[in-house]
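# Chains, contacts and geometry: an overview
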Amino acid sequence: MKKRSELITALLFACLGICAAAVLVNPAATPASPADKAAADRGQGIFSASCSFCHGSQATGTEQAPNLLRSPLVFQDHGGDTLGPFLKQGRPTLGMPAFPTLEPQQVQDIAAFLHARIQQVRGTRLPETALLVGDPKAGLAYFNGAGKCSTCHSPTGDLAHIGAKEQPLALTTSFLTPPAKPSQVTVVLPSGQTVKGKLEYLDEFTVALVDSAGVYHTWPRERTKSVEVVDPLAAHKALLPMYTDKDIHDLLAYLVTLK
């Protein structure tokens, strides 16, 4: 079952790349403004100095790092809102260094460069509205029913006006492959004291967390009564092997109505 789930997840990532290639707006129909071009030019310089060794000078990837022009993270980014937190943290365990000193404007410029490169490479494509082939009513039923989306999300809360904020492709990416979030952990000590916070480290010997006050705690697991970890994206991951094409299209059709 695990291998099946991993295969389906990999296929979904591949499909996202194919969908992105198919629906990006024709750059000739939406010419870049002078400000956009200036930002992309600045971003190219920053990218060349900081990122090109691993990702290639044109962001198409090397043996060391993947092609960023097919990255769901890049597709769902708007002005550096997704890339910024990712670049500050990096993924050291996977060989991706952190860039904590990048200024917000520099991140926005890098994002502008990457989106400009995507437009250059993809060429003339269908508009993103070509993805809107689902049934909004069926999507609402899935949101409140089989998908159980309403147990964590609200159309008048965290998803309010999401249809006006996000383009269809970014919306699809956001619920299929949402940005990573830190796991939460609850540690119960032998005394009965309960400590909760963001999980920092966990193996068979040690557990560590940062509590709501920013205090770091660590214990040998043999000196704890219980350790419970909650992955905030567990529900999304559980849905990956269960989605049908209709589910995805219907859910997207509903989400874009949330203006």
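Below: a short report on this structure. (Residues numbered from 1 in each chain as written. Predicted model: local features only at pLDDT ≥ 70, side-chain atom pairs only at ≥ 80, totals over all residues. Heavy atoms only, no water.)

## Observations regarding the overall build of the chain
A count of helical and extended segments in the chain gives 11 helices and 5 strands. The buried share among the 259 residues of the chain stands at 38%. Within the chain, residue pairs in contact and separated by at least 24 positions form 61% of the contacts whose partners lie at least 6 positions apart. If you sum the accessible surface of the chain, you get close to 14,900 Å²; carbon and sulfur atoms cover 59% of it. (Helix = DSSP H or I, 4+ residues; strand = E, 2+ residues; numbered from the N terminus. Buried < 20%, exposed > 50% of the residue type's maximum accessible area, 1.4 Å probe, protein only. Contact = heavy atoms within 4.5 Å. Areas by Shrake-Rupley, 256 points an atom, 1.4 Å probe, with all protein chains shown as cover.)

## Section: the sheet that holds strand S4 (residues 216-220)
Pairing in this open sheet of 5 strands is antiparallel, and the strands run S4-S3-S2-S1-S5 from one edge to the other. Looking at strand neighbours, the two that pair on one side only are S4 and strand S5 (226-230), the edges of this open sheet. Pairs of neighbouring strands in the sheet enclose a mean axial angle of 40°, with direction left out of account. Where strand S1 (residues 184-188) meets strand S2 (residues 194-202), 5 bridges bridge the pair, whose relative direction is antiparallel. Bridging from a neighbouring strand, Val187 pairs with Val195 of S2. (Pairing = 2+ DSSP bridges. Axes fitted to C-alpha atoms, helices over the stretch in contact; angles between N-to-C directions.)

## Things to note about the packing of aromatic side chains
One pass over the full model with this rule turns up 4 aromatic pairs. Plain terms: the ring middles of Tyr142 and Tyr243 are 6.3 Å apart, the flat faces sit at 35° to each other, and that makes the pair tilted. Placement of Tyr142 in helix H7 (residues 136-144) and of Tyr243 in the loop between helix H10 (234-239) and helix H11 (245-255) is noted, with a sequence separation of 101 residues between them. For the pair formed by Tyr142 and Tyr243, the shared burial category is buried. (Phe/Tyr/Trp six-rings, centres within 6.5 Å; stacked < 30°, edge-to-face > 60°.)

## As for unusual backbone geometry
Of note in the backbone geometry, Ala59 takes a positive phi value of approximately 65° without being a glycine. In this fold, Ala59 is placed in the loop between helix H3 (52-55) and helix H4 (72-75).

## Observations concerning the nonpolar core
If you look at the biggest cluster of nonpolar residues, it comprises 40 residues, and the most contacted ones within it are Phe47, Leu87, Leu114, Phe175, Tyr243, Leu251 and Leu255. Elements represented by at least two residues in this core include exactly helix H2 (34-50), H4, helix H5 (83-89), helix H6 (104-122), H7, helix H9 (168-176) and H11. For this core, the element with the highest residue contribution is H6, accounting for 6 residues. The contact partners of Tyr243, leaving out residues within four places of it in the chain, are Tyr142, Phe175, Leu176, Ile248 and Leu251. Listed in part, the 7 residues of the second largest apolar core include Val185, Val195, Leu209 and Trp219. (Core = buried A, V, L, I, M, F, W, Y, C linked by side-chain atoms within 4.5 Å.)

## With respect to H9
Burial analysis of H9 places 8 of its 9 residues in the buried class, which makes it a mostly covered element. Buried within H9 we find Pro168, Leu169, Ala170, Leu171, Thr172, Thr173, Phe175 and Leu176.

## Observations regarding the side chain of Arg117
For Arg117, the position within the fold is in helix H6. It turns out Arg117 is buried and unbridged, and the closest side chain with the opposite charge, Asp41, is 11 Å from it. Beyond its immediate stretch of four places on either side in the chain, Arg117 contacts Gln58, Thr60 and Leu69. (Lys, Arg positive; Asp, Glu negative; His and termini not counted. Salt bridge = Lys/Arg side-chain N within 4 Å of Asp/Glu carboxyl O.)

## A closer look at the packing of H9 against H11
Packing of H9 against H11 leaves a shortest axis separation of 10 Å and a crossing angle of 120°. Put simply, H9 runs oblique to H11. Where H9 crosses over H11, the handedness of that crossing is right-handed. Residue-level contacts link Pro168, Leu171, Thr172, Phe175 and Leu176 of H9 to Ile248, Leu251, Leu252 and Leu255 of H11. (Parallel < 35°, antiparallel > 145°, perpendicular 65-115°, else oblique. Left-handed = near helix turned anticlockwise from the far one by under 90°.)

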